[in-house]
Amino acid sequence: MTDISTGTAQDWNAPEVRSNLRRRHRGERWLRGIGLAAILTAFAVLVILLGSLTASGYKAFSQTFITLDVPVSADRVKPDRIAAANWRGVMQDAVAAMFPDATDAERKVLAAIPSSVAQFAVRDRVLADPALIGQTVTVSVPVSDPFDQLHKGLIDRATPEENRRLKDAEIAAFDRLVEAGKVALRPNWALVTSADSRFPELAGLRGALIGSFYALLTCFVISFPIGIGAAIYLEEFAPKNRLSDLIEININNLAAVPSVVFGLLGLAVFLGWFGLPRSAPFVGGLVLALMTLPTIIIATRAALKAVPPSIREAALGIGASRQQVVFQHVLPLAMPGILTGTIIGLAQALGETAPLLLIGMNAFITAAPATPFDAATALPTQIFIWADSPERGFVSRTSAAILVLLGFLILMNGLAIFLRNRFERRW
Amino acid sequence: MAGWAFLLLAAATVFAYALNRRAADALREDGRRLHSLPGFHGGYAALLVLVPGFLFLCLWLVFQSAFINRSVMAGLPPGTLDGLDSGAVQLLQSEIISISRGQVFGTPEPWKLEAATRMSEMRSTAGWVMIALLALIALGAILYARSRVSAAFRARQGFERIVHGIMVACSVVAILTTFGIVASLLFESLQFFRMVPVNEFLFGLNWEPQIPIRADQVAGTGAFGWVPVFVGTLVITVIALFVSVPIGLFSAIYLNEFASDRFRAFAKPVLEILAGVPTVVYGFFAVLVVAPALRNAGAEVGLPISPNTALAAGSVMAIMLIPFISSFSDDALGAVPQSLRDGSLALGATRSETVLKVLFPAAIPGIVGGILLAVSRAIGETMIVVMAAGLIATLTINPLDSVTTVTVQIVTLLIGDTSFDNPKTLAAFALGLMLFLVTLGINVLALRIVRKYRELYD
Amino acid sequence: MDDARLAERAVTTGEVKISARKAQVYYGETHAIRDVDVDILDKTVTAFIGPSGCGKSTFLRCLNRMNDTIPNCRVEGRITLDGEDIYDRSVDPVQLRARVGMVFQKPNPFPKSIYENVAYGPRIHGMARTKADLDQIVESCLRRAALWNEAKDRLDEPGTGLSGGQQQRLCIARAIATSPEVLLMDEPCSALDPIATAQVEELIDELRANFSVVIVTHSMQQAARVSQRTAFFHLGNLVEYGETGQIFTNPRDPRTESYITGRIG
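Just so we're clear, the structure is a prediction, and the values are computed from it rather than from any experiment. For every chain, the first residue of the written sequence is number 1, and numbering continues from 1 along that sequence. All chains are assigned letters beginning at A, and all ligands numbers beginning at 1, according to the order in which they are written. Local features in this predicted model are restricted to residues of pLDDT 70 or higher, and side-chain atom pairs are both shown and tallied only at a pLDDT of 80 or more, whereas totals for entire chains, interfaces and linings draw on every residue. As a rule here, side-chain values cover all heavy atoms of the structure and leave hydrogens and water aside.

Caption draft 1: Molecular detail of a nonpolar patch on the surface. Note that patches include only residues with greater than 30% relative accessible area and no salt bridge, and the join distances are 9 Å for like charges and 5 Å for nonpolar side chains (Val, Leu, Ile, Met, Phe, Trp, Tyr). For the area figures, the Shrake-Rupley method with a 1.4 Å probe applies, and any residue is considered shielded solely by the protein chains shown. Note on definitions: salt bridges are taken to be side-chain nitrogens of Lys or Arg within 4 Å of carboxyl oxygens of Asp or Glu. Taken together, the side chains of A:F213, A:L217, A:F220 and A:V221 present a nonpolar region at the surface, about 370 Å² in accessible area. Within the secondary structure, A:V221 sits in helix α8 (residues 206–237). Numbering of helices and strands starts at the N terminus; helices are DSSP runs of H or I of at least 4 residues and strands are runs of E of at least 2.

Caption draft 2: Geometry of the nonpolar core. Take the buried residues of types Ala, Val, Leu, Ile, Met, Phe, Trp, Tyr and Cys, join any two whose side-chain atoms come within 4.5 Å, and each joined set is a nonpolar core. Only protein chains enter the calculation, and the probe is 1.4 Å; a residue is then buried if its accessible area is under 20% of its type maximum, exposed if over 50%, and partly exposed in between. One finds A:F262, B:I181, B:F192, B:F201, B:W207, B:Y282 and B:I410 to be the most contacted residues of the largest nonpolar core, which totals 215 residues. Among residues more than four places away in sequence, those in contact with B:I181 are A:L254, A:V257, A:V261, A:F262, A:L265 and B:F436. Counting residues in hydrophobic clusters, the runner-up holds 45 residues, among them C:L134, C:A145, C:W148 and C:A151. Residues are treated as being in contact if the distance between any of their heavy atoms lies within 4.5 Å.

Caption draft 3: Structural view of the interface of chain A and chain B. Contacts between the two partners involve 76 residues from chain A, matched on the other side by 84 residues from chain B. The junction of chain A with chain B conceals about 6,600 Å² of combined surface from both sides, 77% of it contributed by carbon and sulfur atoms. Our count for the contact surface shared by chain A and chain B stands at one salt bridge. A salt bridge links B:E353 to A:R24; its shortest N-O distance comes to 2.7 Å. Whenever two N or O atoms come within 3.5 Å, that pair is a polar contact, provided that in protein one can donate a hydrogen and the other can accept it, and provided that, for residues adjacent in sequence, both atoms are side-chain atoms. Counting every contact that joins chain A to chain B gives ten residue pairs in polar contact (both at pLDDT 80 or more). For the side of chain A that touches chain B, the leading source of residues is helix α1 (residues 15–57) of chain A, giving 21 residues. Amino acids are sorted into nonpolar (Ala, Val, Leu, Ile, Met, Phe, Trp, Tyr, Cys and Pro), charged (Asp, Glu, Lys and Arg) and polar (every other residue, Gly among them). Partitioned by chemical class, the residues of the side of chain A that touches chain B number 52 nonpolar, 20 polar and four charged. Buried area: the accessible surface (1.4 Å probe) lost by two parts on joining, summed over both.

Caption draft 4: Quick peek at the pattern of salt bridges. Throughout the structure, instances matching the rule amount to 35 salt bridges over all chains. A salt bridge links C:R129 to A:E16; its shortest N-O distance comes to 3.7 Å. Residue C:R129 is found in the loop between α4 (114–124) and α5 (131–144), and its partner A:E16 is found in helix α1; the two belong to separate chains. A residue is classified by how much of its surface remains accessible, and A:E16, at 43% relative accessible area, is partly exposed. With its nearest N and O atoms 3.9 Å apart, the salt bridge here joins C:E84 to C:R99.

Caption draft 5: Spatial organisation of the side chain of C:S140. Along the chain, the position of C:S140 falls in helix α5. A distance of 3.1 Å separates the side chain of C:S140 from the backbone oxygen of C:I137, its partner in a polar contact.

Caption draft 6: Local environment of the state of the cysteines. Any two cysteine sulfur atoms within 2.5 Å of one another count as a disulfide. Counted according to the given criterion, the structure contains zero disulfides over all chains. Summary of cysteine pairing: C:C54 is not part of a disulfide, and the nearest cysteine sulfur, belonging to C:C62, is at 13 Å.

Caption draft 7: Layout of the pairing of strand β10 (residues 237–243) of chain C. Residue and element names in this part refer to chain C. With respect to burial, β10 is a largely interior element, five of its seven residues being buried. The sheet contact formed by strand β9 (residues 229–234) and β10 spans six bridges and is antiparallel. In the strand pairing of β10, H234 is matched with N237. Taking the residues between adjacent antiparallel strands as the criterion, β9 and β10 are bridged by two residues, where L235 takes a positive phi near 50 degrees. Paired strands, in this sense, are two strands between which DSSP finds at least two bridges.

Here it is, written out as structure tokens:
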């Protein structure tokens, strides 16, 4: 065999070598470009996602209100039967009084503009103070959804009438109210202070927020101590045998079980076998706790592992028992890491939807739950319910609810990052 | 009542602690040398009261309502339940429960009122019995613990043994969860397979679960072949991977090999945001933005795209998977030893040659493991498909068509009233069992590959 | 550095291949190498010795710009290969590294077959037109690395399955497959047992016929055994450079003497 490759040095200036080199550098630029394009695609998707949600959701943070002067005539409202009075008639009177020149047809249209809650608002005022009978009550109430959309510019007036949700007469009537200065756009506090409703203009997240809070509270109370207990045992005390191997594999697999399967577990075991109440945040919290447990255990073990063995040896060396070492020295040092992991686990649990659907937390409930055992929705299931609702007004409310949910997630993750940066030590 | 019981338990715990601690302190004042500190004597007694009491309360509360409901239903006038299916029985039961809680709608029959009265009576009796038993348990534990206080008693060891036991119990919860999942899925699936033969379920090509629940309903005849449902799941999974694997992989390559430290420090958290977005949000995004956009695009080029096209669900699922795949690939590439990178660069390879010819092949097991985990996620993902995919099971692999998935069927079959004795409900559990088995298989395989790979370079 | 200059004149074995003038290396704020002037000759084995952390490996990495891969590492001064400044903008580090090969401290064969390990360099640089050419390059390089007899029947097996000494020889075969002009070796024997070390040292001696070899070593015995010229680094400075025999028997600088007699390092 002759030495052809060595000894005879390559001519690095030969044209084919140079073109080969150029080709290789071109390949380098290509890969770089594709990589950058890939990551920019991911960024763009995120921007589109957040952008479209914000664009559709921010309008639900304000609500069109109408101010009505409602004459409560003694003819219609008898002091002894206030609740049973014809409040619808009272409202029609109010509209008629506002526009004395309007025709009957116009009045009918005008009366449909305020949300149906208007008559109850007036009724409640009069119930609280019967002296108002015979006087004029001024209330400010949301307008019903189509007019809200119109006022926010979501209904295009240029569309032909037959394809439009509001007819010309309705728009004309609404415009008269606007001209009269009776209509105003105000912050929509009802979004967080009211519970669910069939009417978009009245629907709020209060029930869902409280439901989610109870579910997360349950989840935390159950999974935090159990998770830490399990992690300490596995990391510090468990003998290396088949059982602890089995537990370890089991926990890793549990972390990857689809969430809907946990929902099936909750449905069959907690509802079916134990007879716990359906739709209750407590049961939701139980299911979420089982799902969060692996996350907390894995995070806690990582935090315990990060504490250097020298600390353990030092404490053991002055005669502390192994449990004293762990509970008095190792655990406090690992706490920031454990809390960070727990908060991240809870943030995941807050966004979890499928298991809650299966245990019935997607019911239509118009009152906020008083205890964790009352039927309720949660924030993500409320989003699901609203996303499924046919009324146009729920589109922007769904987006707004998503923005609220994302806000909480950002808050929780921000807290986790803060804890990590503030308290975590590098050894 | 439960609140009072827990309060009683807390009080008993504190009392037991104080009692034993006092006793130990007294021994010490007598000049005896104690084996354990008085605090441990107290802690031992406290745990001895707390643990059994707490376990007793939990078990009692879990089983109390089921037991009461069952005995009330059994005590109804004979013949009441004849001819009622389980759904109707459940409805009746919840009516009685709400009457017993004072929520009466309309005028119920007298026997219902009677049952409700019996129920609330039983409930208050049960509450008193519970408190009495708890008190008995606590008293026994306190007396036993007090009797053990002596100078030689190794209270610390006793205390630590109980703590150790508690920690073992905590770790067993994870096993119990798996056991609960398997047991509930198997139990309900077996009932399903008693109504629908296994091979019909596994190999049947038709899935029409909308069978009538009541005789007067108009619905299909019912067919429970899971093949079209599973194929639909695969179609969406393949679309999701088709989009997410290249984007995730090339992002990881760029971040690992080309990006400056500052860009990396910015890009990684941004990708993590994508991973943190709840799937219900992605589902709404698919419905709000992606599906209409695809439909419009299809109309432009004259392609008929179904409103629930698998493409919409799949591509949005891909967005969810991008950060997952990119972080796994990033880890896998980062785990390849620096020496291989140096070796390749020292031979005059460009960075791209180093990545594609040396690092990538070396990182393949880690990347494959990550992709497998992504597959299992995609198969088990629920909300995106529930909101964006179809409900009708059509046996097709055309991504423009509407397909349904295993998870969609589980959710739609179980939303609303459920009763555990008709195949429609139980079919969901059979699907859940298959879902669990498939994802478990993939996860075990993936975790094994990833672990082997880590060992290779550690 | 007058001493170094004097020593250099005495040698006539080869042309100057690499030359450094006032070379400085910084890692961020740290000044790792100061004012190194050195001429490395062709067809000669040059040894860099010195205590740990003296900068000898750092300087070695500058010679084929491997330190480009380390963030915030900066090189100043002038380093030339055949009179051409290797830090000039027009120089392509990719091509430079094909001309100045490198073997690392720990054997780092790619997780590929033995054949593919050796063929990697020729392939990416387009040095073989046909499969037969490539086969020939692989065979001749494995022969030169004294690995052919052990590996010829298992060319398709992974390179990571070889023993440590064989792996290091495989890495040498891989490095010489791009027919470099200079071969840099960063403590190539530190991870090997004595027998494998002896084999690699023998190999280095044979490679001298065609290449300029620069070897960083911890072991003074090794430097004495394999090199013709030796450079002693201390705290980032090149203290003394000259013929190996002279450095080991009659060092001019007291620091060199202390190191050689075992008082520092």
